[in-house]
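Given next are the chains, with one letter for each unit.
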Amino acid sequence: NRNIILRLREDGGELPVYIPSWIVEEELPEMHVGDTVRVDGWIQLYKGELELKLASASHLRVFEAA
C-alpha cells in the first residue's frame, strides 16, 4: 500500500496530484514524462500547499504520448 504524488508541470508552474493507495491498486493508465493528461479531483491544502486529490482511477486519462 503506497500513495503516489504525480507532479504536473506546465509553463513554469507545478501542481502535485495526490493518488491514494487504494486508487494506485486499481489499474492506472501508463504514463511517461511529457504525456498530456487530464486529471479530475479535489483541490486541497497539504502542509500549506495546494494539491489535487484524485478521486478515482477513471479520473486520470492520458491523451497523448510523448
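Structure's up top.
Residues numbered from 1 in each chain as written. Predicted model: local features only at pLDDT ≥ 70, side-chain atom pairs only at ≥ 80, totals over all residues. Heavy atoms only, no water.

**Student:** What should I look at first to understand the overall build of the chain in this one?
**Tutor:** Along the backbone of the chain there are one helix and six strands. Secondary structure elements of the chain, listed N to C terminal, follow the sequence β-β-α-β-β-β-β. Against the globule reference of 11 Å for 66 residues, the chain gives a C-alpha radius of gyration of 12 Å, in line with a compact fold. Dimensions along the principal axes, computed over C-alpha positions, put the chain at roughly 30 × 30 × 15 Å. Once local pairs closer than 6 in sequence are excluded, the contacts in the chain between residues at least 24 apart make up 49%. By element, 49% of the accessible surface of the chain is carried by carbon and sulfur atoms, the whole surface being about 5,100 Å². In the chain, 7 side chains carry a positive charge and 12 a negative one; their mean positions are 6 Å apart. (Helix = DSSP H or I, 4+ residues; strand = E, 2+ residues; numbered from the N terminus. Rg over C-alpha atoms; globule rule 2.2 N^0.38 Å. Contact = heavy atoms within 4.5 Å. Areas by Shrake-Rupley, 256 points an atom, 1.4 Å probe, with all protein chains shown as cover. Lys, Arg positive; Asp, Glu negative; His and termini not counted. Charge placed at Lys NZ, Arg CZ, Asp CG, Glu CD.)

**Student:** Honestly, the nonpolar core in this entry has me stumped. Any pointers?
**Tutor:** Most often, soluble globular proteins keep nonpolar side chains buried together rather than apart. Of all hydrophobic cores here, the largest spans ten residues; its members are Leu6, Val17, Ile19, Ile23, Val24, Val39, Leu52, Leu54, Ala57 and Leu60. Elements with a contribution of two residues or more to this core: strand S2 (13-19), helix H1 (21-24) and strand S5 (49-54). With residues up to four places along the chain from it excluded, the contact list for Val17 reads Ile4, Ile5, Leu6, Leu8, Val39, Leu52 and Leu54. (Core = buried A, V, L, I, M, F, W, Y, C linked by side-chain atoms within 4.5 Å. Buried < 20%, exposed > 50% of the residue type's maximum accessible area, 1.4 Å probe, protein only.)

**Student:** Would you take a moment to explain the sheet that holds strand S1 (residues 4-10) for this structure?
**Tutor:** Note: strands within a sheet are paired through backbone hydrogen bonds, in either parallel or antiparallel orientation. Spatial strand order, S1-S2-S5-S4: four strands in an open sheet with mixed pairing. At either end of the open sheet lies a strand with only one pairing partner, and these are S1 and strand S4 (41-46). When strand polarity is set aside, the average angle formed by the axes of neighbouring strands in this sheet is 35 degrees. (Pairing = 2+ DSSP bridges. Axes fitted to C-alpha atoms, helices over the stretch in contact; angles between N-to-C directions.)

**Student:** Mind showing me how you'd approach the pattern of salt bridges here?
**Tutor:** When charged atoms on two side chains of opposite charge get close, those side chains can pair. One pass over the full model with this rule turns up three salt bridges. The salt bridge partner of Arg7 is Glu14, with a shortest N-O separation of 3.2 Å. When the shortest N-O distance is used, the salt bridge between Arg9 and Glu14 registers 2.5 Å. For Arg9, a relative accessible area of 64% puts it in the exposed group. Salt bridges sharing partners connect three or more residues here, namely Arg7, Arg9 and Glu14. (Salt bridge = Lys/Arg side-chain N within 4 Å of Asp/Glu carboxyl O.)

**Student:** Looking at this structure, how should I read the pairing of S5?
**Tutor:** The side chains of a regular strand alternate between the sheet's two faces. Note that S2 and S5 share two bridges and pair parallel. Bridge pairing in S5 places Val17 opposite Leu52. For S4 and S5, the ladder comprises six bridges, and the chain directions are antiparallel. Paired with Leu45 across the two strands is Leu50, which belongs to S5. Taking the residues that link successive antiparallel strands as the turn, the S4-S5 hairpin has two residues, and the phi of Lys47 there is positive, at about 50 degrees.

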